[in-house]
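# Results of the structural survey
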Amino acid sequence: MAANTLETIRNIGITAHIDAGKTTTTERILYYTGVSHKIGEVHDGNTTTDYMEQERERGITITSAAVTCAWKDHRINIIDTPGHIDFNIEVNRSLRVLDGAIFIIEGVAGVQPQSETNWRLADRYNVPRIIYINKLDRTGADFYRAAATLTEKLGINWVALQLPIGAEDQFVGLVDLVEQRAIIWEGGELGAKFRYEEIPADLKDKAAEYRQNLLDTALSVDDAAMEEYFDKGDVSVETLKRCIKKGTISGAFRPVLAGTSFKNKGVQPLLDAVVDYLPSPLDVPGIKVAAEEGADESEDADRRIIKVDPDAPFAGLAFKTINDKYGTLTFVRAYSGTAKSGDMLLNTTKGSRERIGRMFQMHADKREEIKEVHAGDIVAIVGLKDTVTGDTLASPEDPVVLERMAFPVPVIDISVEPKTKDSVEKMTLGLQKLAGEDPSLRLRTDQETGQTILSGMGELHLDIIVDRLKREYGVEANIGAPQVAYRETITRAHTETYTHKKQTGGSGQFAEVKILFEPLERNKGIEFDNKVVGGAVPKEYIPAVEKGIRAQADTGVLAGFPTVDFKFSLIDGKYHDVDSSALAFEIAAKACFRDGMKNAGPVILEPIMDVEVTTPQDHVGDVVGDINRRRGMIQNQESSGTTVTVRAHVPLKEMFGYISDLRSMTKGRASFTMQFHHYDPVPRNIADEIMAKSA
Amino acid sequence: MTRLRWTRGRAGDGTGEEPAAEWIGCDDAGETIARVVRLQGPLWTGWRLYRAVALDEEGRVIRLLPSVPEGAGWLAYIGGQVVGRADVPLKAVRAAEAALAG
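Here is what the cut-offs are and how they apply
Residues numbered from 1 in each chain as written. Chains lettered and ligands numbered in written order. Predicted model: local features only at pLDDT ≥ 70, side-chain atom pairs only at ≥ 80, totals over all residues. Heavy atoms only, no water. Axes fitted to C-alpha atoms, helices over the stretch in contact; angles between N-to-C directions. Helix = DSSP H or I, 4+ residues; strand = E, 2+ residues; numbered from the N terminus. Parallel < 35°, antiparallel > 145°, perpendicular 65-115°, else oblique. Contact = heavy atoms within 4.5 Å. Nonpolar A, V, L, I, M, F, W, Y, C, P; charged D, E, K, R; others polar. Buried area = accessible area lost by both parts, 1.4 Å probe. Salt bridge = Lys/Arg side-chain N within 4 Å of Asp/Glu carboxyl O. Polar contact = N/O pair within 3.5 Å; in protein donor to acceptor, adjacent residues only side chain to side chain. Buried < 20%, exposed > 50% of the residue type's maximum accessible area, 1.4 Å probe, protein only. 1 Å grid on protein atoms, 1.4 Å probe; cavity = no way out; pocket = protein on both sides within 12 Å on 5 of 7 lines; lining within 4 Å. Points joined across faces, edges and corners; volume = space filled by probe spheres on them. Pairing = 2+ DSSP bridges. Phe/Tyr/Trp six-rings, centres within 6.5 Å; stacked < 30°, edge-to-face > 60°. Lys NZ or Arg CZ within 6 Å of the ring centre and 35° of its normal. Core = buried A, V, L, I, M, F, W, Y, C linked by side-chain atoms within 4.5 Å.

## Regarding the packing of helix 7 (residues 204-219) of chain A against helix 8 (residues 223-232) of chain A
Residue and element names in this part refer to chain A. In the contact formed by helix 7 and helix 8, the axes pass within 9 Å of each other and the chain directions differ by 140°. Judged by the angle between their axes, helix 7 and helix 8 are oblique. Across the interface between the two elements, Q212, L215 and L219 of helix 7 pack against A225, M226 and Y229 of helix 8. For the contact of helix 7 with helix 8, a count of residues per class yields 5 nonpolar, 1 polar and no charged.

## Looking at the interface of chain A and chain B
Taken together, the contact between chain A and chain B spans 13 residues of the former and 12 residues of the latter. Roughly 1100 Å² of surface becomes buried between chain A and chain B when both sides are summed, with 62% attributable to carbon and sulfur atoms. For chain A, the biggest contributors to the area lost against chain B are D216, D223 and F230 of chain A; these three give 52% of the whole. The interface formed by chain A and chain B holds 3 salt bridges in total. The partner of R94 of chain B in a salt bridge is D216 of chain A, with the nearest N and O atoms 2.5 Å apart. Between chain A and chain B we count 4 residue pairs in polar contact (both at pLDDT 80 or more) in total. Here the side of chain A that touches chain B is built from residues that sort into 6 nonpolar, 4 polar and 3 charged.

## A look at the side chain of S423 of chain A
Residues and elements named next belong to chain A. Within the fold, S423 resides in the loop between strand 24 (412-418) and helix 11 (424-437). Among the residues examined, S423 registers a relative accessible area of 11% and is labelled buried. Setting aside residues no more than four positions away along its own chain, S423 makes contact with P418 and V475.

## Focus on the layout of surface pockets
Residues and elements named next belong to chain A. Estimates place the volume of the second largest pocket at around 720 Å³. Lining the second largest pocket are 28 residues, with Q483, A559, F561, K693 and S694 sitting closest to its centre. Listing elements by their share of the lining of the second largest pocket, those giving two or more residues are strand 24, strand 28 (483-484) and helix 17 (684-694). Tallying contributions element by element places helix 17 first for the lining of the second largest pocket, with 4 residues. Of the residues that constitute the lining of the second largest pocket, the class distribution is 12 nonpolar, 9 polar and 7 charged.

## Things to note about the sheet that holds strand 33 (residues 566-574) of chain A
What holds strands together in a sheet is hydrogen bonding between their backbones, with the strands either parallel or antiparallel. All names here are of chain A. The strand order across the open sheet formed by 4 strands is 30-31-33-32, and the pairing between neighbours is mixed. Lying at the two open borders of the sheet, with one neighbouring strand each, are strand 30 (494-502) and strand 32 (526-530). Mean inter-strand twist for the sheet, computed between neighbouring axes without regard to direction, equals 25°. The sheet contact formed by strand 32 and strand 33 spans 5 bridges and is parallel.

## Section: the packing of aromatic side chains
Note on aromatic pairs: each is described by the distance of the centres and the angle between the planes. All names here are of chain A. Taken as a whole and judged by the stated rule, the model has 18 aromatic pairs over all chains. Relative to Y144, the ring of F143 lies with its centre 5.2 Å away and its plane at 90°, an arrangement referred to as edge-to-face. Of the residues examined, Y144 reaches a relative accessible area of 26% and is grouped as partly exposed. Taken together, a centroid distance of 4.9 Å and an interplanar angle of 15° make the contact between Y541 and F585 stacked. Here Y541, found in the loop between strand 32 and helix 13 (542-553), pairs with F585, found in helix 14 (residues 582-598); they are 44 residues apart in sequence, far enough to count as distant. F585 carries the same exposure label as Y541, and that label is buried. Through a chain of ring-to-ring contacts, the aromatic side chains of F517, F528, F566, F568 and F593 assemble into a single cluster. If you follow R129 out to its NZ or CZ, it ends over the ring of W119, 4.3 Å from the centre. One residue, R181, lies across the ring of Y196, its end atom 3.7 Å from the ring centre.

## A few points about the environment of R333 of chain A
Residue and element names in this part refer to chain A. Checked against the element boundaries, R333 lands in strand 15 (residues 327-336). Taking the relative accessible area as the measure of exposure, R333 reaches 0% and is therefore buried. Along the chain, R333 and G316 lie 17 residues apart, while their C-alpha atoms are 5.4 Å from each other. Of note is the side chain of R333, whose polar atom sits 2.9 Å from the backbone oxygen of V97.

## A closer look at the pattern of salt bridges
Under the criterion given, the structure shown has 45 salt bridges over all chains. Of the charged contacts, one joins E227 of chain A and R8 of chain B as a salt bridge, the two residues approaching to 2.8 Å between their closest N and O atoms. On the criterion of chain membership, the pair formed by E227 of chain A in helix 8 and R8 of chain B in strand 1 (residues 5-8) is interchain, its members lying in two chains. The exposure class assigned to R8 of chain B is partly exposed, which follows from its relative accessible area of 39%. In this structure, K567 of chain A engages D529 of chain A in a salt bridge whose closest nitrogen and oxygen atoms are separated by 3.8 Å. One end of the pair, K567 of chain A, is in strand 33; the other, D529 of chain A, is in strand 32, and 38 residues separate them in sequence. Using a relative accessible area of 25% as the deciding quantity, one classes D529 of chain A as partly exposed. Within this structure, D176, E179, R181, K241 and D276 of chain A form a network of salt bridges that share partners.

## Quick word on the nonpolar core
Residues and elements named next belong to chain A. L150 and L219 are the most contacted members of the largest nonpolar core, which has 93 residues in total. The greatest single-element share of this core, amounting to 7 residues, is contributed by helix 10 (residues 267-277). Those residues in contact with L150, other than ones at most four positions away along the chain, are I105, V111, I131, G155, I156, W158 and V256. Formed by 48 residues, the second largest nonpolar core is a distinct cluster that contains A435, I604, Y658 and L662.

## Here we look at the sheet that holds strand 9 (residues 181-185) of chain A
Residues and elements named next belong to chain A. What the 4 strands build is an open sheet, ordered 7-8-9-10; its pairing is antiparallel. The open sheet terminates on both sides in strands that have one partner only, identified here as strand 7 (162-165) and strand 10 (194-197). In this sheet, adjacent strand axes meet at a mean angle of 25° when their direction is disregarded. One ladder, built from 4 bridges, connects strand 8 (residues 173-176) with strand 9; its direction is antiparallel. Along strand 9, the bridge assignment pairs D176 with R181. The strands that helix 10 touches are strand 7, strand 8, strand 9 and strand 10; relative to strand 9, the one it contacts most, it runs at about 130°.

Next comes the structure, spelled out in structure tokens:
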């Protein structure tokens, strides 16, 4: 693909808080760009991007659907992403591979908790973004107040490119501050028709003030534009657009647009902004290769960067897999080179080979077969055997491993068992496939009860998975009540020695291990270090020691929860020429773990949630009192008009059933959101309860 | 408001194509009347680290601050006096011209 063609590609995401209008905006985009011939509505369950049955029934987006459309000679690959926190993984992996994003915020509420979470995620991946303040037709909508929350809650430097004309049900159009004109939508034809006019007289002063701010901010990123301004007292539209694009890509400021997608006003200028201000694959710096094994990616700044180059060897990142009736579809973002159907590539993450089968460009659930994929584009590949989300596919000429993806920690467990015995195999296969698609879903077997435990991001997340198990794999399952995903860890270093000796006639079993257990920081997982010197434990038995500890760590010593965030170092041991074996060392390691952990100050950890409750002022006292009773710690309280937003950290255990308590406490007038924040040790009395329950 | 003719002055650290760290406002006779300078840093003075430093036309320090004040990364500077502060250079230019107009 030639560079000039690459310039006309935009890989963008649309992201926001739940119900801010992402899918509705996408539907309008598809209509105006000619992909669909009628507009689907979320409430009618006939949108293009929400194609899963559950999405249509529930009116929410669960998976990221990739859609390709064209606008003003540009190809726009759009990923529509879910707003509910339970599906945050989808937002995470989309932002990772996209070049730009539209951030939608609601005209009434402004920045909401999920907008904040997604904003921080986009910061992590340096995604250039434009902000679209939507739903300006709603009662209570206020463009200026919503924009002010960008400063208050996100602390960003934003600049308005448009101002609304009229408000709420009188919202009729926009002042375009770049071209200095008004855009008025005419009724009918689903917003396809609009006309340009002079800026209304009552908005001229305000428009001049905001345009001056736009010039001040945008021109500051480009000295030549400043000189043009000093020479002429103004700049051309082209110069201003060039500066806005430069500032958007560098993150010097964030452009703000306005509209109401549902009432079909503002979407065409939003598409213009995508083309004018969001980067093409050539405008972004490229992707870093992965850090060395064990190194911290955030600290390793000097890693090689793979630039978007169609002539370089192929490198692409798998960012999503889905299973449908045709098999496994793997979505890949190509960063360099070209790959053709039939090519052999390396999965450099796993060290295996993959043959590229058929390739498709996706239009939600419809697909168009293509023969080759070029740097900068997004493609769905059928038939990859080993490749899962986060893996790199690269040409054997330059077998790079691209920067890895970070996945959130699951916080809720449920037990699942099939209703009939003959479905066991089908259920295991189905769950394995679903877990393969979704890295925020974990699957394990409880070693004591033999039950299959599913861990996910929330009740809704697990509910959808169980529903998919039934619909897609035909497995009816009994589900246990949702349980908090407790973890165990240690609080002090301890060295334990264990000798495994067994003599039952014939060759016996002998292995001795001396292991140092040390606590690690939260979220560091489990680390292993082999410090044996002088062959005290032969090399061939060392993997068995590691395997034994890791397997035993799934069942903690206090209440059987997985043990995390510790390091174990094999420092010494003994073996016998005849009686030692890998199995004997594995058994010794497991027993050493059980004994050692008990002496290393074990504690139970519980997930602590970041909870935000928005309530009318009259009920603040009740809400705060109730949060305190739930072992919550109030973080802050903010008033906005007649409502107060209370932010607190509350243990997840105390949040089950909160929605109904909140409703009865506030007569249904308050709402809340929550998301995982961190793990903390549980208080002694709660730990005793948990241990008694598990005994 | 007095209008000056503004031209690019010193760039970032004087290497490559750094963005301008200084804009010079001249009168019709070409005399330098005002300067708009970006606070730069850090600067170690031997006993304290300053994160924000403004330099005059000869590179001498005209303003030392422990850190860049919010919304004030640029200083408008006339005849040895700081007459205004702004987050972007164009606003500082207007502050300088407004100060000249009295």
